[in-house]
Amino acid sequence: MEGSQRNGNLVFAVNGERFELTCVDPSTTLLQFLRYHASFKSPKLGCGEGGCGACVVLVSKYDSKLNRVEDFSVSSCLTLLCSLNGCAITSSDGLGNTRDGYHPIHQRFAGFHASQCGFCTPGMCMSFFSALINADKGNKPDPPPGFSKLTSSEAEKAIAGNLCRCTGYRPIADACKSFASDVDIEDLGLNTFWQNGDSKETKVSKLPPYDPSKNLVTYPEFLKNESGTHLDSTRYSWFSPVSIEELESLLKHSVSENVGSVKIVVGNTGTGYYKETQRYDQYIDLRRIPDLSILNRDCKGIEIGATVTISRVISFLNEGTDVNLGSYGEMVSQKLAQHMQKIANPFVRNTASVGGNLAMAQKFGFPSDMSTLFLGVDATVSLLTIHGQEKLKWEELLARPALDSRSVLLSVWIPFKKDGNFLLNFSKFLFETYRAAPRPLGSALAYVNAAFLADVSPHRNGVVIHSIKLAYGAFGTEHAIPAKTVEKYLTGKILNVKILYEALKLVKLNVVPEPGTSYPEYRSSLAIGFLFKFLYPLTDVDSTVSSGLFHGIGETFVEDSSKSNNDDDGDTSQGKTQTILSSAKQVVESSTEYYPVGEPMKKYGVSMQASGEAVYVDDIPSPPNCLHGAFIYSTKPLARVKSISLQHESKSLADGVIGIITFKDIPSGGENIGAWGQFGTEPLFAEERCEYAGDRIAVVVAKSQRSADVAARTAVVEYDIEDTDSPILTVEEAVERSSFLQGPLSLNTEPIGDFSKGMAEADHKILSAELRLPSEYYFYMEPQTTLAVPDEDNTMVVYASTQWPDYTHSVIARCLGVPEHNIRLITRRVGGGFGGKAVRNMPVSTACALAAYKLRRPVKIYVNRNTDMVISGGRHPVKVTYSAGFKSNGKITALHADVLINGGISDDITPLIANHVIAALKKYNWGAFSFDLKNCKTNLTSKSAMRALGHVQGSYIADAITEHIASILEMEVDSVSSQNIHTYESLKLFYKDSAGESGEYTLPSIMDQLVTSSRFVDRRKTIDEFNRKNTWKKRGISRLPIVYEVTQYATPAKVSILQDGSIVCEAGGVEIGQGLWTKVKQVIAYALSLIERSWSEELVEKVRIIQIDTLSLVQTGYTAQSTKSEASCEAARLCCNILVERLTPLKEKLQEQNGSVDWTTLIHEAEAQQIDLQAHSYFVPDSSSKKYLNYGAAVSEVEIDILTGQPRIMQSDIIYDCGQSLNPAVDLGQIEGCFVQGIGYFMFEEYLTNEDGLMVTNSTWTYHIPTIDTISQNLNVRVLNSGHHKKRILSSKASGEPPLLLATTVHSATRAAIREARKQLKSWDKLEESDSKFYLDVPAIMPVVKTTCGLDYVEKYLETLISKPST
Ligand SMILES: Cc1cc2nc3c(=O)[nH]c(=O)nc-3n(C[C@H](O)[C@H](O)[C@H](O)COP(=O)(O)OP(=O)(O)OC[C@H]3O[C@@H](n4cnc5c(N)ncnc54)[C@H](O)[C@@H]3O)c2cc1C
Ligand code: FES
Ligand code: FES
């Protein structure tokens, strides 16, 4: 080889640029290199676990023998840099960028409104790009011009592992599907390319052109002759043996020479789960050993080398072959491939090896799917140990002690079996695999997985089981296990219902989760459900034979009517390719009254968000000398810290630690203050004792973020918990011990009517019923981040990802004991906030500033995801006890609610929540309504603002009460809720300050319109029919209204016109993805064009909105509570009014002089005439109209699977009143994204704490926000334009939070489906209590749904069959 490669250097290319490193720490990940060693900021760090996709890039490898380039997406946060020797890396800004022009993927993401905060977008684009180019390299027929060979289904799956917290995925799916050759262009959603009435051909022609033949060259020529070379292992401690013999000698040498710690490595994805804190002496990369990358199959079986990636195995198993695999081989290949497609996500599967997975399962007890699959097919493995090679059953290896670090799995062998060994050649092997996980398409570990293999043949009395293998895994067991007693019991039996029933009883005894496993009974019942699903079709021999037993039994089980367009993986069903999301409709009604306000313009800066050039705090180049901080937090409540010791092992990855910062480092004159939420303060660090688990004890400062993180994670804190009280963790304990927050209970609402009288009028009463709502974590994609840079004269510039710049600024100044003018806080954009970066960013920014102040060096804190989840608090848990009176016809006469709010440790903004809960509760006319609220102080992290603070709890409670009433009266929930919706008269009574004019009360008409647009009545009938026909799937539908009261707050703005006529605005609100900048831009263009209307389009292009700088614009307030966009618009409009007033006389004069005038001339002249071209204003809302109501309604339909508890949201229809939307595309994005976040709260996101109150679902492994496969499959949204509202800002209404409440319909529809399941049980005489009276927890995760249906549903079903008299 030529050049420097001969020296064994690490050579690779990034976006076409060559890099050659003479030495590098082998534990360096690709992401660390890209972001911190080089300056490629496009891939983002969202989790560091392989679980979010923000860091995805494309890796291209060159195979010189085949002269072929392999391109695949990877999670750069897990991929080790040394493993990329000779590879090329492409990040989103390498696809296209501001200077060279954007790639059509960027352009289409922008035009389909598929990016809001933008933090997920570069990773999304790269996941999609990888699928796109690979499809186009394939040998499918050429697509029509402008399209790719990719199908719509593949386009969706390409992004199935990428998380987005803002958009709700639908527009992202549309942007991706717009490339697909089979897309129906009419199915794609709102975009900036098309106009109403465009023909299909015109639409295609208007899309940013895509030509597969002009795809980017991902692998540069110059790298081709450097692709196959080796690193100098002495310099990198990185060994890449090329044969098993070399590997063996390396391992032996490492023992004989006592080399120290050795790490066998392939994809390194295991570190997403088992986080590394140690440094290894040697890395041994197995991927260059040809014997370990083999993939062979013949009529005897399949051999898979240990380093083969899961993606490669899937495509191999799916590829056609000339080899006759036999029916067994075909079946096993197909089932294994289908199952493996649900392991992890595409960008992990692309590097995750089979051997790595099995090693993790064998060594560490990882809840693996592979392990169960291979157990099920009776696989054999080849193993290399220090004593030599051996072959043994995978089952045997699992039973051995954990392999040591020098034992290497070489390959796996799946033996094929031959049908027809028994009984006149009629016997047949059946093989099925199962997996129940929170996300059907993967990206979530299974609660239980299973692989079953049975050799059966028909017999005159049924089906005889000759042999059976039942492998179960991931259920809370050290390893996957064969259910031996069940296997033994079933072997030789002729299957019938009774035998199956007995076998299932044995499963319960065999599949027993270990103590400490969550939902043990649910997991056992899943295990039972899987075997039932496998064997039940065989209990009825006639129908089994006729319905094709011998073509596999999975299909025979599925009930006809449920086999709709929602098969798990969105694959082919009845020959037609199915997509995950079916066609969605968006109706947006805009107005031209204030043009260009009202235009569905694309979001400002969206293309650069897609390319990854948009700058977030961590993208700001770190100043020289910059240090990094990480929090050490308490894991115990009410504990005194005796000591903190950092682990100083030489092998620790935590090198370069500078020290720790605690409360003792607060300068004299400063305060131990970390947050201030209007009502009270919170200390930055614990002093005497930690008050709660998650309390901040210290910040470790080190030379790199990784070192700081590892040091914090491995720090040992010694606590003294003697003589301390027991912590208060629940609201009940708080009430008992009178522990309440000090802040005012800012209730400005009076009770309505006379509760006792209302109760007296009632025919029925509910007394003291209870319900609870849990917390929720924000999951903004950009974790909390701050960079603090000390400046001259004790001043400091702080770059913070905050929603509350001015208060954060004040807290920093107070902590440091300096005047506020010493601090300048700058916020450009925030990668998602959802309320969590208002108060909760303050401690992060303050700690960062304190460290920088103390050390006199710049310090950055980029809070890692796990710590962020623990310390950031979240939504307020609420408990309500209610009593209600109602008539027999469902009319409610009285409600009293006692609401206990768990505020955690500090006031934060909790005092605000009471008003919100009550305001939302009032959405129905309760007749008389009284309430009592208490803000409980507990030893938990402070609960804070989170999107739809208090409203979501209040609205849900209101709906749960009407459902309760309906269940007592045995009425339709819809009939009870709709008859208690307000009339305008009762609305005025309940919402004295905000009801507005009668014409503005659009809710009743929205409810009516929704019945028609969602075909509510017809669908109810169809659902009834479905439920009658199906035993194991049930559906429910729900329609609910929302009434959402918002308040406007004072907001400043500054608008300046520069000499060339370009305009710059400092808006009071922060751009957090909600499109605030875009709306402000449109309003400025409208407002300045009052000088000359024809200038509006030109003006909109001239406006730039810039970062908030707290010394330039004061009193910004917080960007929260839905109204900051409109308030910022109004403040900017007021500035423009001033400028218009100054400029209009000049314009008229110039026009008179010259006949016409343009904007640029006007500004030149104004400059010359010394007209002040900068205006500042402070919008203070009118107290009489600052509160107003927002209305909307939704219908959702949900199907549940009784066997697994899995819900599927079949369809949601939303109508939401935006007044005259300022930008209907932005508002639509808010509505959809908000709704999907609500789905997360009600259905998926489990916020769990341990007995100390410590948040334990603190990773992407355990906290599941919605993904593309868990949202509404069909989401239809109408952004209603309800006309002119004279008291609203340019007639607009809010959209940022209210639609979240509409997701209650999903929960309610799930409940309706469960009700059907329970009704069925009742019809079998197997439900003792009433079928309708039950409470469904939030979130209604799978274990909850199944438990509410009945964990022993299957057994009860079989008992019913057994007890039936035989005919
Ligand atoms: C986000 C995410 C989701 C996932 N979801 C699932 C899931 O749903 N189901 C599932 O089954 N798995 C899942 N996984 C696990 C994934 O399959 C494994 O991480 C991967 O297969 C490990 O392969 P690797 O090449 O990256 O191993 P590495 O990370 O390189 O190695 C993992 C461990 O195995 C050792 N090792 C590697 N190869 C060998 C070998 N040949 N012999 C001996 N030891 C070896 C290493 O020393 C290390 O200890 C998930 C992983 C991630 C990151
Ligand atoms: S940051 Fe790599 S997957 Fe989340
Ligand atoms: S746009 Fe996807 S996370 Fe914000």
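Calculation rules
- Residues numbered from 1 in each chain as written.
- Chains lettered and ligands numbered in written order.
- Predicted model: local features only at pLDDT ≥ 70, side-chain atom pairs only at ≥ 80, totals over all residues.
- Heavy atoms only, no water.
- Helix = DSSP H or I, 4+ residues; strand = E, 2+ residues; numbered from the N terminus.
- Expected span 1.5 Å × (residues − 1).
- Buried < 20%, exposed > 50% of the residue type's maximum accessible area, 1.4 Å probe, protein only.
- Arc of directions from axis to C-beta.
- Axes fitted to C-alpha atoms, helices over the stretch in contact; angles between N-to-C directions.
- Parallel < 35°, antiparallel > 145°, perpendicular 65-115°, else oblique.
- Left-handed = near helix turned anticlockwise from the far one by under 90°.
- Contact = heavy atoms within 4.5 Å.
- Nonpolar A, V, L, I, M, F, W, Y, C, P; charged D, E, K, R; others polar.
- Pairing = 2+ DSSP bridges.
- Salt bridge = Lys/Arg side-chain N within 4 Å of Asp/Glu carboxyl O.
- Phe/Tyr/Trp six-rings, centres within 6.5 Å; stacked < 30°, edge-to-face > 60°.
- pLDDT = per-residue confidence, 0-100.
- Core = buried A, V, L, I, M, F, W, Y, C linked by side-chain atoms within 4.5 Å.
- Near = heavy atom within 4 Å.
- Polar contact = N/O pair within 3.5 Å; in protein donor to acceptor, adjacent residues only side chain to side chain.
- Areas by Shrake-Rupley, 256 points an atom, 1.4 Å probe, with all protein chains shown as cover.

## Structural notes on helix H33 (residues 1016–1029)
Owing to its 3.6 residues per turn, the α-helix brings residues three or four apart onto one side.
Link 1 in the chain: The end-to-end C-alpha separation of H33 is 20 Å, in line with the 20 Å expected for 14 residues at 1.5 Å each.
Link 2 in the chain: When H33 is considered as a whole, its buried residues turn out to be Phe 1016, Arg 1019, Ile 1023, Phe 1026 and Asn 1027. End-on view of H33: buried residues confined to an arc of 95°, all on one side of the axis. In H33, the exposed positions angled more than 90 degrees off the buried face are occupied by Lys 1021, Thr 1022, Arg 1028 and Lys 1029.

## Focus on the packing of helix H3 (residues 104–111) against helix H4 (residues 121–137)
Link 1 in the chain: Following both chains from N to C, one finds H3 and H4 inclined at 125°, their axes separated by 10 Å at the closest point. Considering the angle they form, H3 stands oblique to H4. Handedness of the crossing formed by H3 with H4: right-handed. Contact residues: Ile 105, His 106 and Phe 109 in H3; Thr 121, Met 124, Cys 125, Phe 128, Phe 129 and Leu 132 in H4.
Link 2 in the chain: In the contact of H3 with H4, the residues fall into seven nonpolar, two polar and no charged.

## Description of the environment of Val 486
Link 1 in the chain: With respect to the secondary-structure elements, Val 486 resides in helix H16 (residues 484–490).
Link 2 in the chain: Relative accessible area serves as the criterion here: at 0%, Val 486 is assigned to the buried category.
Link 3 in the chain: Sequence separation between Val 486 and Val 1198 is 712 residues, and the spatial gap between their C-alpha atoms is 35 Å.
Link 4 in the chain: Among residues more than four places away in sequence, those in contact with Val 486 are Leu 470, Ala 503, Leu 506, Val 507, Asn 510 and Leu 531.

## Comments concerning the pairing of strand E16 (residues 462–473)
Link 1 in the chain: Extensive coverage of E16 is indicated by the burial of eleven of its twelve residues.
Link 2 in the chain: Bridging between strand E15 (residues 448–459) and E16 involves eleven bridges; their strand directions are antiparallel. Following the sheet pairing, Ala 451 is matched in E16 by Ala 471.
Link 3 in the chain: The turn joining E15 and E16, which pair antiparallel and follow one another in sequence, is formed by two residues.
Link 4 in the chain: Judged from the two bridges that link them, E16 and strand E18 (residues 494–495) form a sheet pairing that is antiparallel. Paired with Val 463 across the bridge in E18 is Leu 495.

## Overview of the pattern of salt bridges
Link 1 in the chain: Scanning the model with the defined rule gives 76 salt bridges in all.
Link 2 in the chain: Between Glu 1197 and Arg 1019 there is a salt bridge, with the nearest N and O atoms lying 2.9 Å from each other. Note that Glu 1197 is positioned in strand E43 (residues 1187–1201) and Arg 1019 in helix H33, a separation of 178 residues in sequence. For the pair shown, Glu 1197 and Arg 1019 are each scored as buried.
Link 3 in the chain: One salt bridge connects Glu 1316 with Lys 1319, and the closest N-O pair in it is separated by 3.3 Å. Of this pair, Glu 1316 and Lys 1319 both sit in helix H39 (residues 1304–1323), separated by three residues, roughly a single helical turn.
Link 4 in the chain: Salt bridges linked by common partners bring Asp 378, Lys 393, Glu 395, Lys 417, Lys 469 and Lys 484 together as one network.

## Here's the deal with the packing of aromatic side chains
Link 1 in the chain: By the definition in use, this model includes 52 aromatic pairs.
Link 2 in the chain: Each ring, one from Tyr 273 and one from Trp 1261, has its centre 4.6 Å from the other, and the planes form 80°; the classification is edge-to-face. Residue Tyr 273 is found in the loop between strand E7 (262–265) and strand E8 (282–285), and its partner Trp 1261 is found in the loop between helix H38 (1224–1244) and strand E45 (1275–1280); the two are separated by 988 residues along the sequence.
Link 3 in the chain: On the basis of relative accessible area, Tyr 273 is assigned to the partly exposed category, the value being 29%.
Link 4 in the chain: The exposure class of Trp 1261 is partly exposed, given its relative accessible area of 25%.
Link 5 in the chain: Measuring from ring centre to ring centre gives 5.0 Å for Trp 1032 and Tyr 1357, while their planes differ by 85°; the resulting arrangement is edge-to-face.

## Structural notes on the confidence of the model for the protein chain
Link 1 in the chain: Averaged over all residues, the pLDDT of the protein chain equals 93, while 96% of them reach at least 70.
Link 2 in the chain: Per-residue pLDDT stays below 50 along residues 558–576; that stretch engages in 42 contacts with residues further than four places along the chain or on separate chains.

## Some remarks on the nonpolar core
Link 1 in the chain: Counting 314 residues, the largest nonpolar core has Met 340, Phe 374, Tyr 472, Leu 490 and Leu 531 as its most contacted members.
Link 2 in the chain: It is H38 that provides the largest number of residues to this core, a total of eleven residues.
Link 3 in the chain: Once residues lying within four places of it in the same chain are set aside, the contact partners of Leu 490 are Ile 465, Ile 468, Leu 470, Leu 495, Ile 499, Ala 503, Leu 531 and Leu 535.
Link 4 in the chain: By size, the runner-up hydrophobic cluster in this structure holds 46 residues, among which are Ile 1084, Trp 1095, Phe 1179 and Ile 1289.

## Details of the site of ligand 1
Link 1 in the chain: In the vicinity of ligand 1 lie 36 residues, with Ile 264, Gly 267, Thr 269, Ser 353 and Asp 369 positioned nearest.
Link 2 in the chain: One nitrogen or oxygen atom from the main chain of Ile 264 is found 2.5 Å from an oxygen atom belonging to ligand 1.
Link 3 in the chain: Gly 270 is positioned such that a nitrogen or oxygen atom in its backbone is 2.8 Å from an oxygen atom of ligand 1.
Link 4 in the chain: In the complex, the protein chains occlude 96% of the 970 Å² of accessible area that ligand 1 would expose alone.
Link 5 in the chain: Of all the elements, helix H13 (residues 354–364) adds the most residues to the shell around ligand 1, at six residues.

## Re the sheet that holds strand E10 (residues 301–305)
Link 1 in the chain: Strand order in the open sheet formed by five strands is E9-E10-E13-E11-E12, with antiparallel pairing between adjacent strands. Two strands bound the open sheet, and with one partner strand each, they are strand E9 (295–298) and strand E12 (388–393). Direction aside, neighbouring strands of the sheet carry axes that sit 15° apart on average.
Link 2 in the chain: The sheet contact formed by E10 and strand E13 (residues 408–415) spans five bridges and is antiparallel. Its bridge partner lying in E13, Gly 301 is registered against Pro 415.
Link 3 in the chain: Here helix H9 (residues 244–256) sits on the sheet and contacts strand E11 (380–385), E12 and E13; the angle it forms with E11, its principal contact strand, is near 50°.

## Some details on the sheet that holds E43
Link 1 in the chain: An order of E21-E45-E44-E43-E37 is seen for the five strands of this open sheet, with the pairing classed as mixed. Unpaired on one side and paired on the other, strand E21 (586–588) and strand E37 (1033–1047) mark the two borders of the sheet. Strand-to-strand, the axes of this sheet are offset by a mean angle of 10°, without reference to chain direction.
Link 2 in the chain: Judged from the nine bridges that link them, E43 and strand E44 (residues 1207–1217) form a sheet pairing that is antiparallel. Its bridge partner being in E44, Val 1198 is matched across the sheet by Ile 1209.
Link 3 in the chain: In the packing of H38 onto the sheet, the strands contacted are E21, E43, E44 and E45, and the crossing angle to E45 comes to about 130°.
Link 4 in the chain: Across the sheet, H39 touches E37, E43 and E44, and the angle it forms with E37 is around 150°.

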